[in-house]
Amino acid sequence: MRRSTLARIVAGVLAEDDIVICSLGSAGRAWREVSAPNLTYFASDPMGMAPSLALGFALSRPEDRVVLIEGDGDLAMNLGVLAAIAGAAPPNLRMVVFANGRYETGGGQALAGRLDLGAAARACGWERVESPPPRADEPDVAAAVRRMYDAGGPAMVVQPVESEASPYPQAGRWSQVDDKAVFQRRLAARDEPGGRT
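Conventions and cut-offs
- Residues numbered from 1 in each chain as written.
- Predicted model: local features only at pLDDT ≥ 70, side-chain atom pairs only at ≥ 80, totals over all residues.
- Heavy atoms only, no water.
- Salt bridge = Lys/Arg side-chain N within 4 Å of Asp/Glu carboxyl O.
- Helix = DSSP H or I, 4+ residues; strand = E, 2+ residues; numbered from the N terminus.
- Buried < 20%, exposed > 50% of the residue type's maximum accessible area, 1.4 Å probe, protein only.
- Phe/Tyr/Trp six-rings, centres within 6.5 Å; stacked < 30°, edge-to-face > 60°.
- Lys, Arg positive; Asp, Glu negative; His and termini not counted.
- Polar contact = N/O pair within 3.5 Å; in protein donor to acceptor, adjacent residues only side chain to side chain.
- Contact = heavy atoms within 4.5 Å.
- Pairing = 2+ DSSP bridges.
- Right-handed = clockwise from strand over helix to strand, strands pointing away.
- Axes fitted to C-alpha atoms, helices over the stretch in contact; angles between N-to-C directions.
- 1 Å grid on protein atoms, 1.4 Å probe; cavity = no way out; pocket = protein on both sides within 12 Å on 5 of 7 lines; lining within 4 Å.
- Points joined across faces, edges and corners; volume = space filled by probe spheres on them.

### Side note on the pattern of salt bridges
Thinking step 1. For the coordinates displayed, the defined rule picks out nine salt bridges.
Thinking step 2. Among the ionic pairs, arginine 61 bridges to aspartate 64, the shortest N-O distance being 2.8 Å.
Thinking step 3. Between arginine 190 and aspartate 64 there is a salt bridge, and its shortest N-O distance comes to 3.0 Å. Within this pair, whereas arginine 190 is found in helix 8 (residues 176-191), its partner aspartate 64 is found in the loop between helix 3 (50-60) and strand 3 (66-71), the two being separated by 126 residues in sequence. Of the two residues examined, arginine 190 and aspartate 64, each falls in the buried class.
Thinking step 4. Connected through shared salt-bridge partners, Arg61, Glu63, Asp64, Arg190 and Asp191 make up one network.

Below is the structure:
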């Protein structure tokens, strides 16, 4: 499955008012390209910190569903966060892992060893983890994402995706600092009376 296909499937399942946190790299770029309406924070360096950010958002905003769009290379840099999330058990946190077995953003190097992120999450205490097979068709993947979304959290789908060229895009409309400020303003506006849709 291509990254763009998985991003489109996830966008089709999420509610418009869900908050999305994206890891740096190709999974986040695939999410940006799908142009979903969700309030989205695109995490940057350091690598491996997007799950911690998503956990913090989920704990601090229990009334919002928080969905992490994560790459397997990013998650591999901070496996201990799986135990932290399982221990905190925020019911509003969901994670979709784009798993291609590579550090694609860093040049396409293979991940070390045979890392099974679904098994690692289960070993840390996650009760709701799905790992569709690499050649699963779109309806089956969409059904797995829907079950993850509808389950009590935390819940995760680890979906194999194809390795693809992943060049960095042209500079965006604003810097990472500006992007953070825009996200914070939009998030604060949701908390004002009449701000939630």
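### What to know about the packing of aromatic side chains
Thinking step 1. Inspection of every chain in the model, using the stated rule, returns two aromatic pairs.
Thinking step 2. With 5.6 Å between their ring centres and 80° between their planes, phenylalanine 57 and phenylalanine 183 make a pair best called edge-to-face. Taken as a pair, phenylalanine 57 in helix 3 and phenylalanine 183 in helix 8 lie far apart in primary sequence, 126 residues in all.
Thinking step 3. Taken together, the ring pairs connect Tyr41, Phe57 and Phe183 into an aromatic cluster.

### Examining the side chain of glutamate 70
Thinking step 1. Relative to the elements of secondary structure, glutamate 70 occurs in strand 3.
Thinking step 2. There is no salt bridge for the buried glutamate 70, and the closest opposite charge comes from arginine 29, which lies 12 Å off by N-O distance.
Thinking step 3. A polar contact is formed between the side chain of glutamate 70 and the side chain of serine 23, at a distance of 3.2 Å.
Thinking step 4. When neighbours within four sequence positions are excluded, glutamate 70 is seen to be in contact with Ser23, Ala27, Ala50, Pro51, Leu75, Met95, Val96, Val97 and Phe98.

### Notes on the pairing of strand 8 (residues 155-160)
Thinking step 1. The buried count for strand 8 comes to five of six residues, which makes it a mostly enclosed element.
Thinking step 2. Sheet topology note: the strand 4 (residues 93-99)/strand 8 ladder contains six bridges and is parallel. Bridged to valine 96 within strand 8 is valine 157.
Thinking step 3. Inspection of the sheet shows strand 7 (residues 128-130) paired to strand 8 by three bridges, in the parallel sense. Across the sheet, residue valine 129 finds its bridge partner in strand 8, namely methionine 156.
Thinking step 4. Crossover handedness for the path strand 7 to helix 7 (residues 138-150) to strand 8: right-handed.

### Side note on the environment of glycine 152
Thinking step 1. Residue placement: glycine 152 occurs in the loop between helix 7 and strand 8.
Thinking step 2. Through-space distance from the C-alpha of glycine 152 to that of asparagine 38 is 20 Å; in sequence the pair is 114 residues apart.

### Section: the sheet that holds strand 8
Thinking step 1. Pairing is parallel across the open sheet formed by six strands, whose spatial order is 2-1-3-4-8-7. Both outer strands of the open sheet, strand 2 (39-42) and strand 7, are each paired with one neighbouring strand and no more. This sheet shows a mean twist of 15° between the axes of neighbouring strands, independent of strand direction.
Thinking step 2. Sheet analysis places strand 3 next to strand 4, joined by six bridges and oriented parallel. Within strand 4, the position partnered with glutamate 70 by the bridge is valine 97.
Thinking step 3. Its contacts with the sheet put helix 3 on strand 1 (19-22), strand 2, strand 3 and strand 4, and the angle it makes with strand 3 is roughly 175°.

### Considering the layout of surface pockets
Thinking step 1. Approximately 240 Å³ is the volume attributed to the second largest pocket.
Thinking step 2. What lines the second largest pocket is a set of 17 residues, among which Ala99, Leu115, Asp116, Leu117 and Val158 lie closest to the centre.
Thinking step 3. Taken together, the elements giving at least two residues each to the lining of the second largest pocket come down to helix 6 (117-124) and strand 8.

### Here we look at unusual backbone geometry
Thinking step 1. Between glycine 153 and proline 154 the backbone carries a cis peptide bond, its omega angle lying at -5°.
Thinking step 2. With respect to the secondary-structure elements, proline 154 resides in the loop between helix 7 and strand 8.
Thinking step 3. The phi angle at serine 35 is positive, at roughly 55°, despite the residue not being glycine.
Thinking step 4. Note on placement: serine 35 falls in the loop between helix 2 (26-34) and strand 2.
Thinking step 5. Given a relative accessible area of 62%, serine 35 falls into the exposed group.
Thinking step 6. Phi angles above zero are rare outside glycine, and alanine 89 is one such case at about 50°.
Thinking step 7. Note on placement: alanine 89 falls in the loop between helix 5 (80-88) and strand 4.

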